[in-house]
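# Fold and geometry: a report
If you want the building blocks of each chain, they are given just below.
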Amino acid sequence: MLKIMVLMALAGMFASAAELRVIAFGAHPDDCEGRFGGTAARWAKAGAAVKFVSVTNGDAGHQEMGGAALARRRYAEAQEAARRLGIAEYEVMNNHDGELMPTLEARRQIIRAIRQWKADIVLAPRPNDYHPDHRYTGILIQDAAYMVVVPNIVPESPALRRNPVFMYYEDNFQKPAPFRPDVVVSIDDAWQTKMDGMDAHVTACTLTIGARPAASTERVAHEEARGPGFHGRARGVGETLRGRSGTEDPARGSI
Ligand SMILES: [Zn+2]
């Protein structure tokens, strides 16, 4: 019943998104685009305030470059991606790539970001990934999910009065449980915008495919070769999302 109510609320928001505030977290600059770029572009176009957050600065995400020079370049690429997708903001947190840990300080960073954005919807990866940065990003958002409404936690940042809806991106991990979508958003008419946003991350492309720049379409083909359902297909392209089980909302119960 509650799941149906969430879906109805999301559908209603999509029809008239002017008041909707969305914050999407990824471990690295370009992670949000791959999982959520099309839906983000659609929501932004409909008037929603959409923000991406990269929890690390991406300073290890290249075969040859590294350190502060790479972090600055990836920050610039993230801003260009935001411009292409039409989203309001792209924050890159100053945590080292490849070294993210689910610390109390990192949790506080996440709590502040969700509160300051006054988020209605929060998106994050499931904490099942082989990559520690992806896994700990999922854990950090999970650990912040209730705390954003507790005033004595990070007291300098005013607590939210209403807990946002927390959702997972689609993934292919089978353990501890396969991903099952609750929401599927068609992105046929935002597909090219999503590709343009991904293409802004020139340095990230070289790590995925090899030591040379690669277009987003090639990256998508590469990812799809690893398993079905990563980006949808040429016809009826969609992005799928799942409500975060176990998230408690004092007003609405468990999602
Ligand atoms: Zn990543």
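Residues numbered from 1 in each chain as written. Predicted model: local features only at pLDDT ≥ 70, side-chain atom pairs only at ≥ 80, totals over all residues.

## Let's talk about the overall build of the protein
For the protein, the count of helices and strands is eight helices and nine strands. For the protein, the residues scored as buried account for 44% of the 255 residues in total. When contacts within the protein are restricted to residue pairs at least 6 apart in sequence, those whose partners lie at least 24 apart make up 75%. (Helix = DSSP H or I, 4+ residues; strand = E, 2+ residues; numbered from the N terminus. Buried ≥ 20, exposed ≤ 12 C-beta atoms within 10 Å, placed from the backbone. Contact = placed C-beta atoms within 7 Å.)

## Digging into the confidence of the model for the protein
Of the residues in the protein, 76% reach a pLDDT of 70 or more, and the chain-wide mean stands at 83. pLDDT under 50 marks residues 223-235. Its contacts with residues more than four places away, or in other chains, come to 11 contacts. Considering only residues more than four positions removed or in separate chains, one finds that residues 245-255, a stretch of pLDDT under 50, has 18 contacts. (pLDDT = per-residue confidence, 0-100.)

## Side note on the sheet that holds strand E6 (residues 183-186)
Spatially, the seven strands line up as an open sheet ordered E3-E2-E1-E4-E5-E7-E6, and their pairing is mixed. The sheet is open, and its two borders are formed by strand E3 (89-92) and E6, each paired with just one other strand. Put simply, the sheet's adjacent strands are angled 25 degrees from each other on average, direction ignored. Taken strand by strand, helix H3 (residues 67-85) contacts strand E2 (49-54) and E3, and its axis lies near 160 degrees from that of E3. Along the sheet face, helix H5 (residues 132-147) touches strand E1 (21-26), strand E4 (121-124) and strand E5 (165-169) and points at about 150 degrees away from the line of E4. (Pairing = 2+ DSSP bridges. Axes fitted to C-alpha atoms, helices over the stretch in contact; angles between N-to-C directions.)

## Examining the nonpolar core
The biggest cluster of nonpolar side chains holds 53 residues, and the ones touching the most others in it are Val22, Ile23, Ala24, Ala40, Ile114, Val122 and Leu123. Every residue in contact with valine 22, bar those within four places of it in the chain, is listed here: Trp43, Ala48, Ala49, Val50, Ala119, Asp120 and Ile121. (Core = buried A, V, L, I, M, F, W, Y, C linked by C-beta atoms within 7 Å.)

## Digging into helix H2 (residues 31-45)
Every α-helix carries 3.6 residues per turn, so stepping three or four residues along brings you back to the same face. Compared with the 21 Å implied by 1.5 Å per residue over 15 residues, the 20 Å span of H2 between its first and last C-alpha is a close match. Remark: the principal bend of H2, roughly 75 degrees, maps to glycine 37. Extensive coverage of H2 is indicated by the burial of 14 of its 15 residues. With its phi angle positive at about 110 degrees, glycine 47 sits one or two positions after the end of H2. (Expected span 1.5 Å × (residues − 1). Bend = angle between axes of the 7 residues up to and from the residue.)

## Here we look at unusual backbone geometry
The phi angle of most residues is negative, glycine excepted, and most peptide bonds adopt the trans form. For the bond from lysine 175 to proline 176, the omega torsion is 5 degrees, close enough to zero to count as cis. When you line up the elements, proline 176 lands in the loop between E5 and E6. One non-glycine residue, aspartate 30, lies in positive phi territory at about 110 degrees. Within the fold, aspartate 30 resides in the loop between E1 and H2. We classify aspartate 30 as buried; it has 30 C-beta atoms within 10 Å. Phi is positive for valine 154, close to 45 degrees, though the residue is something other than glycine.

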